[in-house]
Amino acid sequence: MGWVIMSERELNRIEVLSQVTQGRMTAVTAAKVLDLSRRQVHRLLKDFQTEGPAAIRHKARGRRSNNRIDPAVRAFAVTLVRENYIDFGPTFAAEKLAEDHGLKVSRETLRKWMQDAGIWLSRKQRRTFHQPRLRRECLGELIQIDGSDHRWLEDRGPACTLLVFIDDATSTLMQLRFVTSESTFSYFEALDLYLAAHGRPVAFYSDKHTVFRVANQSAKSGHGMTQFGRALNELNIEILCANSSQAKGRVERANRTLQDRLVKELRLEGISDMEAANAFLLGFTERYNAKFAKAPRRADNLHRPMNIEPDLLRDVFCYRDERVVGPQLAFSYERKRIILAENEMTRDLPGKYVDTFAFPDGQFEVRWKGVSIPYSVFDKDQRVTHAAITENKRLSAVLEHIKAEQDKAAPKKRRAGKQATRYKPTGKRNDGWNSKLARRAKERAEMAASHAAE
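Quick caveat: nothing in here was measured; it's all calculated off a predicted structure.

*Asks:* I'd love a proper account of the sheet that holds strand β1 (residues 143-150), names of residues and values included.
*Replies:* Here we have five strands laid out as an open sheet, ordered β3-β2-β1-β4-β5, and mixed in their pairing. Strands at the two margins of the open sheet, each flanked by one partner only, are β3 (173-179) and β5 (238-241). Each strand axis lies, on average, 20 degrees off the axis of its neighbour in the sheet, ignoring direction. As judged from the four bridges shared by strand β4 (residues 203-206) and β5, these two strands associate in the parallel manner. Across the sheet, residue Y205 finds its bridge partner in β5, namely L240. Sitting on the sheet, helix α8 (residues 184-198) touches β1, β2 (160-167), β3 and β4, and the angle it makes with β3 is about 150 degrees. Taken strand by strand, helix α10 (residues 249-269) contacts β1, β2 and β3, and its axis lies near 45 degrees from that of β1.

What follows is the structure in structure tokens.
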């Protein structure tokens, strides 16, 4: 007879029916064990005694299902997906087949067809693996930096961002700093503290935030370098941008640990403002490093001493730009009109570029060949515009500023549209009575009347 394929349930029925046949079990007991009626047990027992164990096997085994979809329908559906919906998921493709082609197929059935045809990969097949990268060998060789926007003070204080500097070789927290948001000046502040404590590392490793990387590579203005990158270039420090979050997993995992431990530590201390939180970070960093820091593979410290005098760092950690001076000794900067004072030096500046320095404390300087130039400011607009582009990581800080400005005064009335002047209708109809032609006709009529009177 050969091999007979049976399920576990069918094998269990054969075993119970054998015991009934041998007289070791009654039909009533067999019905309870198999969860069947007594009459069904007698029917199975009759087939078992006449045809043997093979009679217990399901009669539909090996036959086509009554609900089987025709192979031509399957081939037609796969062809439509391949030609029109090659990059669609099974759910969306099933919806389009029903809407546009009148072919109703369940999404799971279509998913299996697409997998068999090689059009769709299962979740297991689409899974990607990030191979771990070995640590750098020396302290100060590579410093991973990132900002973590989180409710660090919970409901006790305002939302803030924690800037994290962590060494790749040892997982040592090199610098922590609470700031309002991830901005260039915030990173300048943290970098200044880092350099004072450790010196200059070989390179920083960051994400693709616009503080570190120019997003638009085809921009016609600028020099392809951000303000933070320009400052690092002057300090002879390299900046590298990771292509994914997993590439800088050291700092990402540290952020996750800090969001658990540091938040609870701040809660236990009852800290509710950033100033007190920054003071608390000094002791917390020492305890964290004592517990989680690793020993480097090599004992060398690659941090270098500063190459710039401390009093000159102010010109490095600022927002620097170039502006061309117009014929009226003026140029535009941040929606403001900067008007240079007229003197012997500035008379030759029209058409030339001057250097602008915006410092974190709000001071602003205009220099020509290192010499500061006096100026006056005409502020065209002091409010945040409706068209201002705000990055996601700075949204909280910008909204706080907007709310503060809204609380100060009511918004100014603004004109909309592109009209150059605002027309106010008077209700009078201009029928040409004061046109040039009408005035000449009036003058001729008056002259004719005067001649006739003479």
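*Asks:* I'd like to hear about the packing of helix α4 (residues 71-84) against helix α5 (residues 90-101), residue by residue, with values.
*Replies:* Two numbers describe how α4 lies on α5: the axes approach to 11 Å, and their chain directions differ by 100 degrees. As summarised for this structure, α4 and α5 are arranged roughly perpendicular, according to the angle between their axes. Of α5, the residues touching α4 (which contributes A77, L80, V81 and N84) are A93, L97 and H101. Considered class by class, the residues forming the contact of α4 with α5 number five nonpolar, two polar and no charged.

*Asks:* Quick one: what's the story with the pairing of β2, residue by residue and with numbers?
*Replies:* Of all the eight residues making up β2, eight are buried; the element is thus mostly covered by neighbouring parts of the structure. Both faces of β2 are covered, namely the face carrying C160, L162, V164 and I166 and the face carrying T161, L163, F165 and D167. Inspection of the sheet shows β1 paired to β2 by eight bridges, in the antiparallel sense. Bridge assignment links I143 to a residue of β2, and that residue is D167. Across six bridges, the pairing between β2 and β3 is antiparallel. The partner of L162 across the bridge, within β3, is F178. Connecting β2 to the antiparallel partner β3 that follows it, the hairpin turn spans five residues, and S171 within it adopts a positive phi of roughly 60 degrees.

Cut-offs and rules
- Residues numbered from 1 in each chain as written.
- Predicted model: local features only at pLDDT ≥ 70, side-chain atom pairs only at ≥ 80, totals over all residues.
- Heavy atoms only, no water.
- Pairing = 2+ DSSP bridges.
- Helix = DSSP H or I, 4+ residues; strand = E, 2+ residues; numbered from the N terminus.
- Axes fitted to C-alpha atoms, helices over the stretch in contact; angles between N-to-C directions.
- Contact = heavy atoms within 4.5 Å.
- Parallel < 35°, antiparallel > 145°, perpendicular 65-115°, else oblique.
- Nonpolar A, V, L, I, M, F, W, Y, C, P; charged D, E, K, R; others polar.
- Buried < 20%, exposed > 50% of the residue type's maximum accessible area, 1.4 Å probe, protein only.

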